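Structural overview for review
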Amino acid sequence: MRTTRTVAGIAVLALALSACGGAGESDGGGQQAADSAVGVTKDTVTIGTHQPLTGPAAPGYSKISVGARAVYQAINDGGGINGRKIDYHVEDDGYNPTKTVEVVKKLVLQDKVFAIVGGLGTPTHSKVVDYLNSEGVPDLLVSSGALAWDNPQKSPMTFGYQVDYTREGKIQGKYIKDTFAGKKIGYFTQNDDVGRDTQAGLDQFVKDQTVVRQGYDTANTDVTPQLSALKTAGADVVVCECIPAFTALAILAAAKIGYHPQFVVSSIGADPATLSGLLQDFAKRGGASVSSAQLLNGLIGTGYLPDVAQTSDPWVAYFKGIHDKYIPNEQLTNTLFYGMVQAYTFGQALKAAGPDPTRQKIVDAMSSGALKGPGLTPFGFSKDSHSGYTGAYVFKINPDTTTTVIQPPSVTDRGTGAITPYTGERATPEQVNLLGK
Amino acid sequence: MTVRTSLPETPVETAAKKRTLPPLLRHALAALAAFAVVVVLTLVTDEFTNLRIATIGYYLIAVAGLTLLTGLTGQVSLGHGAFMFIGAYTVALLVRRVPSFPLWADLLLASAAGGLAGLLAGAAAARLRGPYLAGATLALAVGLPALTRRFQDFLGGSNGLSFTVHSRPSGIAVPELRWQTWIVWLSVLIALVLVVNVVRGKLGRHFRAVRDDEVAASLSGIAVGRTKILAFLISAVCGGLAGGLQAFLLGTAAPGSFTPALSLSLLAAVVLGGLGSLWGALWGAVALVYFQAWSEDLADALHLNTDVANNLPLAVYGVILIVVVLAFPRGIQGGFQRLRKLLRRPVEKKENHENH
């Protein structure tokens with residue numbers, strides 16, 4: 001009797017469940033041929049991404065997809081790419097790798113996206129690279145500077161976007177060595193590839209000067225112990241390889257314990273407008289009010305995209321036009337701009353893939369080396385390299401939170417090669433002519 | 001005639017056997033039927049739904065373990081995610097370091113590792129009660145994932161470990177996710193049969209006795225401390241298995257997945273499904289997976305602004321939890337039982353009340 005009831009109960013549940021999903025559909029699920037055009041119809045291209053819209057990395061980063069969406073809207077309103085509008089699916093993974101695996105499978109299996117564009121985060125995205133490559137899904141412009149994305153042999157579908165952390169670390173390291181000779185240096189880094197890859201670059205130049213290394217974990221927002229350790233070790237310069245939330249937390253924790261080192265922050269966490277907002281916000285939650293301009297004054301950072309405050313830059317002016325039209329109520333930060341450039345770059349690749357894009361064609365377009373973009377240093381994309389931007393410039397934050405470039409763009413490799421100033425020409429928006437005929 | 005003949009009992013036993021099968025066999029048959037249902041279900045749904053069904057599977061065993069601990073022995077644990085963490089990392093390390101081990105051995109070891117941790121936690125927990133126990137177990141959930149930072153090279157730091165589990169024999173031509181769903185549910189059902197047997201048996205009665213009144217239980221000869229530790233052990237084995245299955249399914253183990261929020265949502269699932277009922281564990285697991293998915297879809301469909309959309313799933317979950325607990329203090333399963341009683345009352349006058 002009970003057995004019958006048990007079985008009946010499970011059967012009822014089974015029916016209830018099958019009503020929830022798209023029943024009756026079951027594709028092969030094996031390896032997709034790379035020449036397939038899943039997600040492409042006569043008039044749309046469906047793409048997806050995973051972003052931290054909630055959770056520890058959301059402050060700052062949740063605006064990236066807002067910027068990207070505005071550019072896709074502009075593209076769609078301009079008639080799309082080769083007549084196809086871009087359908088942009090954003091899934092929240094909360095910077096939680098388990099969730100990333102789930103939402104990426106959802107994008108691939110349920111939403112049937114053509115490509116994943118700008119999947120965000122090292123701990124998160126590293127869990128789906130193998131899956132995307134085995135399913136033959138283009139995995140373009142990963143929002144992270146880990147070296148892992150640049151591995152064309154093992155991951156032919158995956159391409160980076162940012163300057164990788166080792167390159168950036170080298171440029172920072174050389175700058176620090178030249179400018180702060182003889183000073184004590186401390187590292188404050190995220191406990192994952194961000195930290196590991198950056199130190200590989202920094203150590204090439206400032207290993208001897210480094211007196212202390214501290215790490216943080218995104219799950220723990222109290223960074224006072226680490227900053228105290230940096231203070232105790234007497235570090236004059238603190239290299240902060242942190243996401244925006246943790247740059248802000250580090251600055252606040254240092255101020256709280258009366259520690260005023262020279263912060264050098266990498267591009268992932270050095271956007272003045274985003275940092276100002278976060279500093280205010282975090283301080284308010286702690287029951288204090290701070291002057292973010294004062295806290296940020298003199299902070300040194302690295303970047304590879306033009307700063308949004310440089311309104312004379314043709315690309316800044318171009319994206320400001322899109323911003324004013326589609327998302328005027330959002331603050332135009334470098335982080336928002338990052339998403340806009342990323343979306344625009346995907347647009348370029350899609351256009352280069354021709355009138356009948358396939359997954360293989362867009363991978364070929366990415367590797368062609370033809371993408372000339374808004375960045376101040378060139379992409380490293382070629383047949384043998386899937387590396388994103390290949391260098392960076394160094395800037396300083398002024399008392400009014402604008403920035404001044406204190407070392408022009410230079411490029412380098414991920415190994416031990418030299419750092420050389422970059423003198424190449426950037427294409428202008430008119431030359432790229434994404435929405436023109 | 002043999003020497004030992006306490007024969008009078010035997011005929012009675014045989015008669016009982018004729019009426020009902022032994023519990024273990026009965027539960028095994030039910031599990032087999034349930035497995036058949038899962039297989040059919042995965043065949044008629046798409047691959048992504050398969051993933052969700054598998055997700056329900058591993059949450060089910062985790063919630064069932066916690067139900068046994070909290071619902072049956074009255075020990076509140078806010079740290080059950082820690083056992084999942086242990087299970088997940090055990091599988092991750094085994095797959096990466098000892099690739100020759102078969103999957104079933106990895107899963108067994110993950111359960112064992114969870115159990116070992118549960119034994120230690122239980123030994124401490126047996127001396128604590130109420131809020132003190134809750135606090136101690138919460139510390140487990142907060143502290144344990146930090147080990148990944150301490151042993152960065154071994155456990156991969158915040159980045160965690162990623163790997164691919166090859167479990168599908170080459171001869172079997174089913175999609176990977178479907179196959180994985182079967183493995184997950186097969187493991188879960190086997191574990192559930194054992195858990196149900198414990199719950200329905202002598203140990204289960206001891207659990208309830210300890211929950212209801214520790215003094216009375218110890219007066220009737222139950223070793224209260226040992227019983228509490230056993231409950232911790234069993235529920236931690238379930239947690240370890242759940243974590244191991246999650247790692248197997250998703251190919252990842254990272255500290256960001258085992259935050260205290262996970263432990264809290266497991267406990268919420270126990271309450272939502274029905275405290276003290278293993279069927280409740282099923283409803284709780286379904287709720288964990290589907291309420292989240294539905295409210296996300298809802299937020300998408302309503303084109304809400306991002307700040308609202310991001311928080312909607314949690315808000316919806318909270319509202320449902322409050323409504324269910326207000327309407328049915330014994331959770332969803334309690335609601336079902338009440339409904340069933342209402343429907344049956346006119347027919348059967350003597351209903352055998354059983355709370356599990």
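This text follows the structure it describes.
The numbers attached to residues start from 1 for each chain and follow its sequence in the written order. Labels follow written order: the first chain is A, the first ligand is 1, and so on. The predicted origin of the model limits local features to residues at a pLDDT of at least 70 and limits the giving and counting of side-chain atom pairs to 80 or more, whereas totals for whole chains, interfaces and linings rest on all residues. The side-chain quantities take in all heavy atoms of the structure and omit both hydrogens and water.

The next thing to look at is the overall build of chain A. Assigned secondary structure in chain A consists of 16 helices and 12 strands. The quantity called the radius of gyration is restricted to C-alpha atoms. Its globule counterpart is 2.2 Å times the number of residues to the power 0.38. Its C-alpha atoms give chain A a radius of gyration of 23 Å, near enough to 22 Å, the size a compact globule of 437 residues would have. In terms of its C-alpha atoms, chain A occupies a principal-axis envelope of roughly 75 × 65 × 45 Å. Residue exposure (1.4 Å probe, protein chains only): buried if accessible area is under 20% of the type maximum, exposed if over 50%, otherwise partly exposed. By the burial criterion, 61% of the 437 residues in chain A qualify as buried. For chain A, the exposed surface amounts to about 15900 Å²; the carbon and sulfur share of it is 52%. Neither His nor the chain ends is counted toward charge; the positive residues are Lys and Arg and the negative residues Asp and Glu. Just so you know, the charge point we use is NZ for Lys, CZ for Arg, CG for Asp and CD for Glu. Positive and negative side-chain charges of chain A, numbering 37 and 40 respectively, have mean locations separated by a distance of 2 Å. Numbering of helices and strands runs from the N terminus, with a helix taken as a DSSP run of H or I at least four residues long and a strand as a DSSP run of E at least two residues long. What sets the accessible areas is the Shrake-Rupley method with a 1.4 Å probe; for residues, cover comes only from the shown protein chains.

With that settled, the discussion passes to the pattern of salt bridges. Residue and element names in this part refer to chain A. The working definition used for a salt bridge is a side-chain nitrogen of Lys or Arg within 4 Å of a carboxyl oxygen of Asp or Glu. Scanning the entire structure with this criterion turns up 14 salt bridges over all chains. Residues Glu330 and Lys63 are paired through a salt bridge, measuring 3.2 Å at the closest nitrogen-oxygen approach. Pair noted here: Glu330 is in the loop between helix H13 (314-326) and helix H14 (334-352) and Lys63 is in the loop between helix H2 (58-61) and helix H3 (64-77), with a separation of 267 residues, a long-range link. We note a salt bridge from Asp193 to Arg196, for which the minimum N-O separation is 2.8 Å.

Next up on the list: the side chain of Ser126 of chain A. Inspection of the secondary structure puts Ser126 of chain A in the loop between helix H5 (122-125) and helix H6 (129-134). Within the structure, the side chain of Ser126 of chain A is placed 3.3 Å from the side chain of Lys127 of chain A, a separation counted as a polar contact. Residues count as neighbours in contact if any of their non-hydrogen atoms are within 4.5 Å of one another. Beyond its immediate sequence surroundings of up to four residues, Ser126 of chain A is in contact with Gly121 and Trp149 of chain A together with Asn159 and Ser162 of chain B. Polar contact is the term for a pair of N or O atoms within 3.5 Å; when the atoms are in protein, one must be able to donate a hydrogen and the other to accept it, and sequence-neighboring residues count only if both atoms are side-chain atoms.

All names here are of chain B. The convention used is that axes are lines fitted to C-alpha atoms, helices contributing only their stretch in contact, and that angles between N-to-C directions extend from 0 to 180 degrees. In the contact formed by helix H5 (residues 103-125) and helix H12 (residues 224-250), the axes pass within 6 Å of each other and the chain directions differ by 145°. The hand of the H5/H12 crossing is right-handed. Along the contact surface, H5 presents Leu103, Leu107, Ala110, Ser111, Gly114, Gly115, Gly118, Leu119, Ala121, Gly122, Ala123 and Ala125, while H12 presents Ile229, Phe232, Leu233, Ala236, Val237, Gly240, Leu241, Gly244, Leu245 and Phe248. We call Asp, Glu, Lys and Arg charged. Ala, Val, Leu, Ile, Met, Phe, Trp, Tyr, Cys and Pro are nonpolar, and the rest, Gly among them, are polar. Classifying every residue of the contact of H5 with H12 gives 15 nonpolar, 7 polar and no charged. Should the near helix be turned counterclockwise from the far one by less than a right angle, the crossing is left-handed, whereas a clockwise turn marks it as right-handed.

Residue and element names in this part refer to chain A. Note on terminology: pairs of cysteine sulfur atoms within 2.5 Å are recorded as disulfides. According to the stated counting rule, one finds 1 disulfide over all chains in the structure shown. In this model, Cys240 is linked to Cys242 through a disulfide, with the two sulfur atoms separated by 2.3 Å. Sign of the S-S torsion, about -120° for the bond between Cys240 and Cys242, identifies this disulfide as left-handed. With a relative accessible area of 0%, Cys240 lands in the buried category.

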